[in-house]
Amino acid sequence: MKNTIKHQYVVALLLSVITCSTMFSQNKSSKNFSIDEINTKVDSILPLLTLEEKVAMCHAQSKFSTPGVDRLGIPEIWMSDGPHGVRAEISWDSWDYAGWTNDSITAFPALTCLAATFRPELSAQYGMSVGEEALYREKDVLLGPGVNIYRTPLNGRNFEYLGEDPYLASKMVVPYIKGVQKNGVAACVKHYALNNQEHWRNIINVEVSDRALHEIYLPAFKASVQEAGVWSIMGAYNKVRGQFACHNELLLNDILKKDWGFDGVVISDWSGAHSTEESALYGLDMEMGTGTDGLGTSTANHYDHYYLASPFLKAIKNGDMDEALVNDKVRRILRLMYRTNMNPNKALGKINNKEHHDVARKIATEGIVLLKNENNFFPIEDKEGLTIAVIGENATRSMTAGGGSSELKPKFEISPLEGLKQRYKKAKIIHAMGYHTGSSVYDNIIPSNLNQDSLRIEAIATAKKADIVLYVGGLNKSHLQDCEGDDRQSYELPYNQEELINQLKAVSPKLGMLLVTGNAVETPWLSKVDGLLQTWYLGSMAGHAIADVVSGDVNPSGKLPFSFPKKLKDNGAHFYGEISYPGDGTNQYYKEDILVGYRWHDTKKIASQYAFGYGLSYTKFSLSNIKADQNKYNTKDNITVSCSINNTGNLEGDEVVQVYIGKKNSKVKRALKELKGFNKASLTKGESKNVSISIPVSSLAYYNESISDWSIEKGDYLIYVGNASNNISKTIKISVQ
Ligand code: GLC
């Protein structure tokens with residue numbers, strides 16, 4: 001008897017193990033759904049939904065979520081900012097943080113730093129890592145990356161974007177999006193389009209030529225859709241040619257969905273929707289964050305009063321609007337779900353792990369740009385008896401707090417001072433704040449309660465005790481600085497830093513500077529500093545990355561993704577006065593047209609302080625043997641540019657070969673030259689390496705306004721090869737038949 005029972009137990013146990021494992025294996029199917037499988041499933045679900053359920057899916061149910069359909073097991077969609085890491089949890093129905101204790105994350109470097117690496121492989125690692133953290137935080141949509149073109153150095157949000165060149169932005173955004181989406185988390189490329197300033201962002205109407213629209217402001221979005229297959233996109237706050245970007249017939253229906261074939265979801269910026277009819281007709285699929293003042297009688301029901309809520313439902317019910325409109329939106333939303341929260345293949349994500357910290361450090365270190373290095377100021381050797389004074393508020397100030405919706409609650413944030421202290425074991429590190437700006441609260445700055453004079457006196461006294469002074473200044477994430485919601489109101493360094501730099505120089509024989517910004521600044525103090533590093537906003541690993549470069553553990557290899565004009569009026573957006581920037585409060589005309597950034601400086605022959613693509617190294621590089629594979633090309637050909645990079649110094653290092661192309665005697669207005677290819681190579685000391693860059697002739701096309709399409713002009717072109725837009729080693733003439 002006993003044996004029988006035992007036998008039965010064993011069988012039962014075996015059966016349960018087998019069932020369990022097959023269950024898991026069913027869940028862990030090997031691949032994601034194909035687009036055909038998804039569309040079939042979407043078509044089978046759509047008829048099951050009531051009109052009320054369909055309309056409800058098209059708008060928010062809370063600050064960062066939209067409803068599912070419980071009775072059919074369709075889940076809610078949860079979203080979170082932002083491009084540099086997963087934002088701390090926000091309350092259901094207000095902008096207040098929820099006060100969770102398990103939502104601290106890895107803060108990755110700002111995207112401007114990622115662009116400065118000129119290394120797409122790092123962008124892939126970035127996207128993969130930040131996507132894993134979003135997955136772990138159970139977010140279906142990560143509200144980033146931002147790719148708005150850097151048109152003016154005053155834009156409060158440039159630090160969130162990928163610089164002034166559409167080709168660089170396109171090349172750097174695609175791997176990020178693919179990396180995020182590999183996790184079954186949707187990226188949401190933003191802000192589509194022409195949101196190139198924060199001042200008056202909610203109301204300004206941008207007027208721009210078709211050429212500038214297609215050649216400068218759209219390419220990174222187009223690459224996100226057609227090369228990265230982005231699953232969602234966020235409409236911008238501003239108007240474009242008279243219609244709000246969140247429901248814009250030209251941008252959303254004609255270009256994004258028809259011409260580019262976008263099959264994902266258009267999500268409004270928060271409170272970016274302003275009309276039921278336009279939202280329904282002109283391409284908005286998911287309305288978020290609509291202000292409830294005057295719309296709802298209470299927080300209890302204000303989501304019902306969204307433009308795509310009851311007014312939309314009513315319009316369809318009484319026949320004023322076709323149900324096909326809501327069906328298309330819901331198809332897109334269901335497609336997003338099958339790619340994210342209804343994808344059975346989803347993993348669990350990872351957060352705050354060493355791998356992510358290493359990725360954050362690698363990107364930060366590779367993005368730092370060496371702008372000036374006289375008297376071999378950098379690297380600073382760690383040696384006994386040496387005293388280094390680290391001075392400036394940005395040596396200790398958090399740069400992940402503030403800045404607007406991209407702000408983060410990192411598990412840790414190594415400050416520049418902390419990083420230097422941990423790295424320098426022999427030298428003595430002393431510190432003084434030098435200046436204090438008060439805490440950065442999103443909407444206002446609490447004035448410093450510290451006496452600025454006493455801070456300066458203390459800093460000078462500290463500097464006198466040191467052999468080397470490292471000034472850590474720049475901007476910060478306060479309102480009217482590098483922060484969402486408005487722009488800087490002047491180009492120079494704020495908080496009287498120039499005065500402090502001058503006084504530091506007067507007492508310290510060797511003065512170097514770390515510029516902590518996401519934007520260019522005026523540099524009248526440049527002659528006072530021997531060494532200058534552009535150190536961006538680097539996130540959790542900031543201090544370690546800065547110490548890597550300052551100490552020489554890593555040879556800096558970043559290149560500027562935007563120009564530093566000497567004066568603000570040297571910048572194209574500011575050349576034409578207020579109507580061009582910031583506009584007259586209603587309209588704004590991008591009068592510099594296609595001549596943005598270095599395109600302006602090169603074509604108008606206005607030298608910048610530092611040029612797009614510029615960045616020094618601790619070693620020396622030269623380019624030689626520069627050539628193109630042919631001198632005559634057809635429009636279907638690829639141009640192969642090759643050259644040797646020679647590391648003539650005694651340190652390993654990385655160099656970025658950049659290839660620009662310009663049209664000679666063009667029949668249309670053109671920039672002198674435009675970036676069409678780049679390649680970053682690592683070379684040991686003394687090494688020479690051959691690199692080749694392939695450029696499709698089709699990429700030389702300009703947007704022909706007379707036919708509203710791209711045209712390739714026949715004739716002669718010049719290929720410019722160098723390691724910065726203003727440091728060309730050779731030009732080669734070719735012709736296109
Ligand atoms: C903000 C930003 C946008 C952000 C959204 C949600 O206003 O413009 O980038 O994703 O609202 O915070």
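Refer to the structure printed above.
Draft legend 1. Looking closely at the site of the ligand. Near the ligand there are 15 residues, and of these Asp81, Arg157, His191, Tyr237 and Asp269 occur at the shortest range. A distance of 3.4 Å is found between an oxygen atom of the ligand and a side-chain nitrogen or oxygen belonging to Arg201. Take Glu484: an N or O atom from its side chain is 3.0 Å from an oxygen atom of the ligand. Taken by itself the ligand offers 310 Å² of open surface, and the protein chains cover 97% of this.

Draft legend 2. Broad picture of the packing of helix α14 (residues 416-423) against helix α17 (residues 542-550). With their axes 7 Å apart at the nearest point, α14 and α17 run at an angle of 55 degrees to one another. One way to sum up the angle between α14 and α17 is to call them oblique. Between α14 and α17 the crossing geometry is right-handed. For the pair α14 and α17, the contacting residues are Pro416, Gly419, Leu420, Gln422 and Arg423 in the first and Gly543, His544, Ile546, Ala547 and Val550 in the second. Of the residues contributing to the contact of α14 with α17, the split by class is five nonpolar, four polar and one charged.

Draft legend 3. Seen up close, the pairing of strand β6 (residues 232-235). Burial of β6 is two-sided: the residues Ser232 and Met234 facing one way and the residues Ile233 and Gly235 facing the other way are all buried. Pairing geometry for strand β4 (residues 186-192) and β6, over three bridges, is parallel. Bridge pairing in β6 links Val189 to Ile233.

Draft legend 4. Structural detail: the sheet that holds strand β19 (residues 621-628). What the three strands build is an open sheet, ordered β19-β21-β24; its pairing is antiparallel. Both edges of this open sheet fall to β19 and β24 (688-696), since each of them pairs with a single strand only. Across the sheet, the axes of successive neighbouring strands diverge by a mean angle of 25 degrees, strand direction being ignored. In this sheet, strand β21 (residues 638-647) lies alongside β19 in antiparallel orientation, the contact comprising six bridges. Bridge pairing in β21 places Phe621 opposite Asn647.

Draft legend 5. Highlighting the environment of Asn646. Relative to the assigned elements, Asn646 resides in strand β21. Using a relative accessible area of 12% as the deciding quantity, one classes Asn646 as buried. Between the alpha carbons of Asn646 and Ser706 there is a distance of 46 Å; along the sequence they are 60 residues apart. Leaving out residues up to four positions away in the same chain, Asn646 has contacts with Lys620, Phe621, Ser622, Leu623, Ser624, Glu687 and Ser688. At 2.7 Å, the side chain of Asn646 forms a polar contact with the side chain of Ser688.

Draft legend 6. The nonpolar core, seen in detail. Grouped together as the largest cluster of nonpolar side chains are 196 residues, with contacts concentrated most on Met79, Tyr192, Leu334, Phe378, Ile380, Val550 and Phe564. If one sorts the elements of this core by residue count, helix α6 (residues 166-181) sits on top with eight residues. Excluding anything up to four places from it in sequence, Phe378 contacts Leu370, Lys372, Asn373, Leu470, Met513, Leu514, Gly531, Leu532, Leu533, Val550 and Tyr618. Core analysis: the second largest hydrophobic core is formed by 25 residues, Leu623, Val691, Val697 and Ile719 among them.

Draft legend 7. Layout of the pattern of salt bridges. Taken as a whole and judged by the stated rule, the model has 45 salt bridges. Across the pair Arg71 and Glu53 runs a salt bridge, and its minimum N-O distance is 2.6 Å. Taken together, the residues span a long stretch of sequence, with Arg71 in the loop between β1 (65-66) and β2 (77-80) and Glu53 in helix α3 (residues 51-56) at a distance of 18 residues. Taking the relative accessible area as the measure of exposure, Glu53 reaches 16% and is therefore buried. Between Arg157 and Glu484 there is a salt bridge, and its shortest N-O distance comes to 3.4 Å.

About the thresholds
- Residues numbered from 1 in each chain as written.
- Predicted model: local features only at pLDDT ≥ 70, side-chain atom pairs only at ≥ 80, totals over all residues.
- Heavy atoms only, no water.
- Near = heavy atom within 4 Å.
- Polar contact = N/O pair within 3.5 Å; in protein donor to acceptor, adjacent residues only side chain to side chain.
- Areas by Shrake-Rupley, 256 points an atom, 1.4 Å probe, with all protein chains shown as cover.
- Axes fitted to C-alpha atoms, helices over the stretch in contact; angles between N-to-C directions.
- Helix = DSSP H or I, 4+ residues; strand = E, 2+ residues; numbered from the N terminus.
- Parallel < 35°, antiparallel > 145°, perpendicular 65-115°, else oblique.
- Left-handed = near helix turned anticlockwise from the far one by under 90°.
- Contact = heavy atoms within 4.5 Å.
- Nonpolar A, V, L, I, M, F, W, Y, C, P; charged D, E, K, R; others polar.
- Buried < 20%, exposed > 50% of the residue type's maximum accessible area, 1.4 Å probe, protein only.
- Pairing = 2+ DSSP bridges.
- Core = buried A, V, L, I, M, F, W, Y, C linked by side-chain atoms within 4.5 Å.
- Salt bridge = Lys/Arg side-chain N within 4 Å of Asp/Glu carboxyl O.

Geometric values such as these leave the question of function open.
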